[in-house]
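# A look at the structure
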Amino acid sequence: MEAPECPVCNNAMTVPIFQCQSGHSLCFTCKKKLTVPICPLCRQIMTQMRNWQLEELVAQSITTCPNKTIGCVIKLKKKEMEEHLKECIFRTLDCPVGKTFGTCSWSGKHKDLMNHFKVCHPQNCDIKPGSDIRIQNISTTSDHRLLYLFEQNKKGFILSFKIDTVQKHAYWLVQYLGSNCASRQNIYEIHITSLQNKNRKVVFADHCFSDSMDVDDVFRQAKCAVMPLIMLNQFIENSKLVFQCLLKRTGSEPKPSVSYTPNPMKGRSKSYTRHKPPHDQPKQNNFKPFIPQGQ
């Protein structure tokens, strides 16, 4: 069932829906435009009375995405459409640099984002998946924030890095420029290698989040790569940090994992792997020692 149309603008009704004294109902968009609360159909006073039956009908009706004119073909129920609009790839989005640092006021479409970065933020789009990302002048005693936009197989991704001295943790997160469903088909890996000893390495793997997710919310919930600052100190040398970001495709949802290889020159060498257990199975201790060959 298609959504009922507003008798004034002829577009699909949007809630809340108010009525005039004669019973005419206007969509919320048209009502907001009224400078004087007079019904444009009968010139009677508009009231604050809601048309609950029509709102319920709108909620159950199938509506097309407002971005249909620029390419979106999605049709959903009204309530589901509200969620879709938050991640529609045809929506207008703000520049991630502006959202993070407050230094850019650009807004536009996903397809134009990379060109905007190349022109206005070239230093934030000069990395490639799998290559070394070198951070200069870094310290665990002061806050630090970085953001990069990059592409792989013509898909866009945003890499965010943060040192939070209040929480005493460092965070890495990769977001996919697209829907939440599509983002979970992409796996990111963060490889952090110590500059103090090349044999010390940490690898974190998890699914990407959609760019519609708030980065700071993900950081606060630690649903990403996280490392205590006291541990990060073992990977920094001369105020420099090096890590890599790799991307993979998967048809199923991955299990978040972390592996850590300490310095094998100091006593025994161990490799630890942590996997999230299924919901229907009790947690088990999956830490296993690694015994080098020849011992």
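The following refers to the structure shown. None of the values given here were measured: they were computed from a predicted structure.

Moving on to the overall build of the protein. Per the secondary structure count, the protein includes eight helices and 18 strands. When each of the 295 residues of the protein is scored for burial, the buried share is 39%. Summing over all exposed atoms, the protein offers an accessible surface of approximately 17400 Å²; the carbon and sulfur share of this is 50%.

What follows is about unusual backbone geometry. The phi torsion at Asn10 lies on the positive side, around 65°, for a residue other than glycine. Along the polypeptide, Asn10 turns up in the segment before β1 (18-20). At Asn137, a position not held by glycine, the phi torsion is positive, near 55°. Mapped onto the elements of the fold, Asn137 is located in the loop between β8 (132-135) and β9 (144-152). Relative accessible area serves as the criterion here: at 67%, Asn137 is assigned to the exposed category.

This model, assessed by the stated rule, comprises ten salt bridges. Between Arg50 and Glu55 there is a salt bridge, with its nearest N and O atoms 2.6 Å apart. Taking relative accessible area as the criterion, Glu55 reaches 9% and is therefore assigned buried. In this structure, the salt-bridge partner of Asp132 is Arg134, at a minimum N-O distance of 3.5 Å. For Asp132, a relative accessible area of 40% translates into the label partly exposed. Residue classification places Arg134 among the exposed positions, given a relative accessible area of 54%. Each of Arg145, Lys162, Asp164 and Asp216 takes part in salt bridges that share partners, so that together they form one network.

Here Glu55 is to be found in helix α2 (residues 52-60). If we skip the residues at most four places from it in the chain, Glu55 touches Val15, Pro16, Ile17 and Arg50.

The next thing to look at is the environment of Cys6. Here Cys6 lies in the segment before β1. Once you skip the residues sitting within four places of it in the chain, Cys6 turns out to touch Asn11, Met13, Leu26, Cys27 and Cys30.

Moving on to the packing of aromatic side chains. Scanning the entire structure with this criterion turns up seven aromatic pairs. For the ring pair Trp172 and Phe243, a centre distance of 5.9 Å and an interplane angle of 80° mean the geometry is edge-to-face. Taken together, the residues span a long stretch of sequence, with Trp172 in strand β11 (residues 169-176) and Phe243 in strand β16 (residues 241-249) at a distance of 71 residues. Of the residues examined, Phe243 reaches a relative accessible area of 1% and is grouped as buried. Each member of the aromatic cluster is reached from another via a ring pair, and the members are Phe150, Phe157 and Tyr176. When the ring centre of Phe18 is taken as reference, the NZ or CZ atom of Lys31 above it lies at 4.7 Å. The ring of Phe18 carries Arg50 above its face, with NZ or CZ at 5.8 Å from the centroid.

Calculation rules
- Along each chain, residue indices are assigned from 1 in the same order as the chain's sequence is written.
- Predicted model: local features are reported for residues with pLDDT of at least 70 only, side-chain atom pairs are reported and counted for 80 or more only, and whole-chain, interface and lining totals are derived from all residues.
- Working from all heavy atoms in the structure, the side-chain values ignore hydrogens and water.
- Strands here mean DSSP runs of E at least two residues long; helices mean DSSP runs of H or I at least four residues long; both are numbered from the N terminus.
- A simple rule labels every residue: compare its accessible area, found with a 1.4 Å probe on the protein chains alone, to the largest value its type can have, and call it buried under 20%, exposed over 50%, or partly exposed in between.
- Every accessible area reported is derived by Shrake-Rupley at a probe size of 1.4 Å, with residue values counting cover from the shown protein chains alone.
- Should a side-chain nitrogen of Lys or Arg be within 4 Å of a carboxyl oxygen of Asp or Glu, the pair is scored as a salt bridge.
- Between two residues, a contact is recorded if the distance between any of their heavy atoms is within 4.5 Å.
- Between the rings of Phe, Tyr and Trp (Trp by its six-membered ring), a pair exists once the centres lie within 6.5 Å; its type follows the angle of the planes, with under 30 degrees stacked, over 60 edge-to-face, and the other angles tilted.
- Placement of a positive charge over a ring is assigned whenever Lys NZ or Arg CZ falls within 6 Å of the ring centre and within 35 degrees of the normal to the ring plane.

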